[in-house]
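# Structure assessment
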Amino acid sequence: MLMPPVIKGMSVYGVRGRKSNEINLLLEEYEAIRLLDHQKMNQEEAAVIMNVSRPTLTRIYEVARQKVASAFVEGRDIIIRGGHIVFDQNWFKCNKCRANFNFYEKSDPYCPVCESTDVTSLNEYFKNG
Ligand SMILES: [Zn+2]
């Protein structure tokens, strides 16, 4: 299963005198970095999990690394938004305490951390930015 990002982006620290010009990292680009660089998978494994061909994964990964490098070197914020990844429909985010959680019961979803019913489907959350 694909894990939703724990963040919607990252903000730079210590940039003086100008507004950061943000970089949009697509969800599949985030996922490629997560699987390859963080989970240390090889490209064959990651391509299977992301349901793309190996060459497609390689292309996604190259773009993702270029964006992360630009953000890092040029001091730009990263916003994780958009793309073609669809999360399992049972993933939600709590609008009160910001927790991400799974919900598989038949009733209306509620947050298991704070019990709030003010929750958003993660597919909607990342689509709308
Ligand atoms: Zn909550």
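Here's a quick rundown of the structure. (Residues numbered from 1 in each chain as written. Predicted model: local features only at pLDDT ≥ 70, side-chain atom pairs only at ≥ 80, totals over all residues. Heavy atoms only, no water.)

## A word on the sheet that holds strand E6 (residues 119-121)
Paired through backbone hydrogen bonds, the strands of a sheet run either parallel or antiparallel to each other. Read from one edge to the other, the open sheet built from three strands follows the order E5-E4-E6, with strand pairing classed as antiparallel. Every other strand in the sheet has two partners, leaving strand E5 (100-102) and E6 as the edge strands with one partner each. Averaged over all pairs of adjacent strands, the angle between their axes in this sheet comes to 35°, without regard to strand direction. With three bridges joining them, strand E4 (residues 91-94) and E5 adopt antiparallel strand pairing. Bridge pairing links Lys93 to Asn100 in E5. (Pairing = 2+ DSSP bridges. Helix = DSSP H or I, 4+ residues; strand = E, 2+ residues; numbered from the N terminus. Axes fitted to C-alpha atoms, helices over the stretch in contact; angles between N-to-C directions.)

## With respect to the sheet that holds strand E3 (residues 78-80)
Taken together, the three strands give an open sheet; going across it, the order is E1-E3-E2, and neighbouring strands pair in mixed fashion. Two strands lie at the open edges of the sheet, namely strand E1 (9-10) and strand E2 (23-25), each paired on one side alone. Here E2 pairs with E3 via three bridges, running parallel. Bridging across to E3, Ile23 finds its partner in Ile78. Contacts between helix H1 (residues 27-38) and the sheet are confined to E2 and E3, with E2 contributing the most and set at about 70° to the helix. Along the sheet, helix H3 (residues 54-74) contacts E2 and E3; its crossing angle with E2, the most-contacted strand, is approximately 145°. (Contact = heavy atoms within 4.5 Å.)

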